[in-house]
Amino acid sequence: MSTSRTSLPVLWLTASRKGSNYDAYRPNYTDETTNEVKRMLYSGSQNDSSMTVLELGAGTGKFTQKITSKLSDTVTYIATEPMSDFLKILKYNCPEVETKQCATENIPIDDGSIKGIVAAQSFHWFSTKTSLDEMHRVLTENGNVVLLWNFNDRNVDWINQLLNRIDKNRTDPCRYHGKEWKTAIDAHLGFMFVEQKITQGQVFKGDVEFMLRHCSTHSGLQKLEKKDKETELDEIRKILTTHPETKGKDIIEFPFFTDIYLYRKVAKK
């Protein structure tokens, strides 16, 4: 089961406070993805235009901005984030959105008041039974949970090399690819799986330096001491400047896909 985002190692918490880097150098979400999430939030019996949606682990608000632009003005949207530096940027990016600083283990929301929960690029950090119990508590009957992640195509050789370089420095289990988060929610008696969809994500574009800054936002590098981090970035630079598919390019295209899951609240047996 994944580690709670509120009990992460100090090094990761320190790194995560650099919210401005995360906001600038992480990919966004396409209209196709956002429309799919909207559809899932409204699916089943959740078709009330005045519904309340809760976002957990909203970070700097990258997805918050996208989804709220698609929802009706009559929808109440609440975005939560436990880390203060991320929350500051979230409030700046989404001034019209109600925000709360809280852990997912203790959500300050009334029982049964939420018709849809969304977590973008975050659920793997808090997929604990306690958090799932809280999500179940605040959701109305048949409430929907939409979980989504941006990911890269590891079948592309240079991308696989780059990600392997980043991943070799990881010690935490909190990863989308490991699917510990899926094991946790599938085992919870209060949720049932409804559907999964993969959409074309943003094509991230930038020069070598931009790509290095993007890589620096990954926790596998963030937790390293400065000298070790510089060594790893030098190795990543070598990949980007010598691989046949990226060598000599002023602008490198780094394609993403988005994996979207819909779960629905059910009565615990």
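A quick note: this is a predicted structure, and the numbers were derived from the prediction, not measured.

Caption draft 1: Here's a closer look at the overall build of the protein chain. The helix and strand inventory of the protein chain stands at 11 helices and 7 strands. The 269 residues of the protein chain split such that 53% are buried. In the protein chain, of all internal contacts separated by at least 6 residues, the share reaching a separation of at least 24 is 82%.

Caption draft 2: Summary view of the side chain of H188. Within the secondary structure, H188 is located in the loop between α8 (180-187) and β6 (191-206). For H188, the side chain forms a polar contact with the side chain of D133, separated by 2.7 Å. Excluding its chain neighbours within four sequence positions, the residues that come into contact with H188 are K129, L132, D133 and K268.

Caption draft 3: Looking closely at the nonpolar core. Judged by nonpolar contacts, the single largest core of 26 residues is most densely connected at L54, I117, F123, M135, V145, L147 and F191. Among the elements that line this core, the one with the most residues is strand β5 (residues 139-152), at 5 residues. Look past the residues within four positions of F191 in its chain and what remains in contact with it is L132, M135, H136, L139, V145, I185, Y263, R264, K265 and V266. Ranked by size, the runner-up nonpolar core spans 23 residues in total, among them L41, I67, L87 and V97.

Caption draft 4: Representation of the pairing of strand β2 (residues 76-80). Within β2, 4 of the 5 residues are buried, which leaves it mostly tucked inside the rest of the structure. Note: strand β1 (residues 52-55) against β2, 4 bridges, orientation parallel. Bridged to L54 within β2 is I78. Tracing the backbone out of β1, into helix α4 (residues 62-68) and back to the parallel element β2 gives a crossover that is right-handed.

Caption draft 5: Region of interest: the packing of aromatic side chains. If you walk through the whole model with that rule in mind, you get 13 aromatic pairs. The interplanar angle of 40° and the centroid separation of 5.4 Å between the aromatic rings of W158 and F254 together place this pair among those described as tilted. Here F254 lies in strand β7 (residues 252-265) and W158 lies in helix α7 (residues 157-167), a separation of 96 residues in the sequence. There is no split in this pair, since W158 and F254 are both buried. Among the aromatic residues, those joined into a cluster by ring pairs are F123, F126, W149, W181, F193, Y261 and Y263. For the cation-ring pair, K182 lies above F193, with the distance from its terminal atom to the ring centre recorded as 5.5 Å.

Caption draft 6: Focus on the packing of helix α9 (residues 208-216) against helix α11 (residues 226-242). At a minimum axis separation of 10 Å, α9 and α11 run at an interaxial angle of 135°. Relative to α11, the element α9 is oriented oblique. At the point where α9 passes α11, the crossing takes the right-handed sense. Where α9 approaches α11, its residues V208, E209, M211, L212, C215 and S216 are matched on the opposing element by K229, L233, I236, R237, L240 and T241.

Caption draft 7: Examining the side chain of S122 more closely. Inspection of the secondary structure assignment puts S122 in the loop between β4 (114-120) and α6 (129-138). For S122, a relative accessible area of 1% corresponds to the buried category.

Caption draft 8: Representation of the confidence of the model for the protein chain in the model. On average, residues of the protein chain score 87 in pLDDT, and 87% of them are at 70 or above. Highest mean pLDDT in the protein chain belongs to α6 (98); lowest belongs to helix α1 (residues 10-16) (36). Counted against residues more than four places away or in other chains, residues 1-17, with its pLDDT under 50, gives 45 contacts.

Caption draft 9: Region of the structure containing the sheet that holds β6. Pairing in this open sheet of 7 strands is mixed, and the strands run β3-β2-β1-β4-β5-β7-β6 from one edge to the other. Edge positions in the open sheet fall to β3 (98-100) and β6, since each of these has one partner strand only. Neighbour-to-neighbour, the strand axes of the sheet open up by a mean angle of 20°, direction not taken into account. Docked against the sheet, α9 engages β6 and β7, running at close to 150° with respect to β6.

Caption draft 10: Spatial organisation of the pairing of β1. The two faces of β1 match: T52 and L54 on one face and V53 and E55 on the other face are all buried. One ladder, built from 3 bridges, connects β1 with β4; its direction is parallel. Bridged to V53 within β4 is G116.

Caption draft 11: View of unusual backbone geometry. With a phi close to 60°, Q121 is a non-glycine residue in the positive phi region. Positive phi outside glycine occurs at N142, with the angle close to 65°. The exposure class of N142 is partly exposed, given its relative accessible area of 33%.

So, how was this worked out
Residues numbered from 1 in each chain as written. Predicted model: local features only at pLDDT ≥ 70, side-chain atom pairs only at ≥ 80, totals over all residues. Heavy atoms only, no water. Helix = DSSP H or I, 4+ residues; strand = E, 2+ residues; numbered from the N terminus. Buried < 20%, exposed > 50% of the residue type's maximum accessible area, 1.4 Å probe, protein only. Contact = heavy atoms within 4.5 Å. Polar contact = N/O pair within 3.5 Å; in protein donor to acceptor, adjacent residues only side chain to side chain. Core = buried A, V, L, I, M, F, W, Y, C linked by side-chain atoms within 4.5 Å. Pairing = 2+ DSSP bridges. Right-handed = clockwise from strand over helix to strand, strands pointing away. Phe/Tyr/Trp six-rings, centres within 6.5 Å; stacked < 30°, edge-to-face > 60°. Lys NZ or Arg CZ within 6 Å of the ring centre and 35° of its normal. Axes fitted to C-alpha atoms, helices over the stretch in contact; angles between N-to-C directions. Parallel < 35°, antiparallel > 145°, perpendicular 65-115°, else oblique. Left-handed = near helix turned anticlockwise from the far one by under 90°. pLDDT = per-residue confidence, 0-100.

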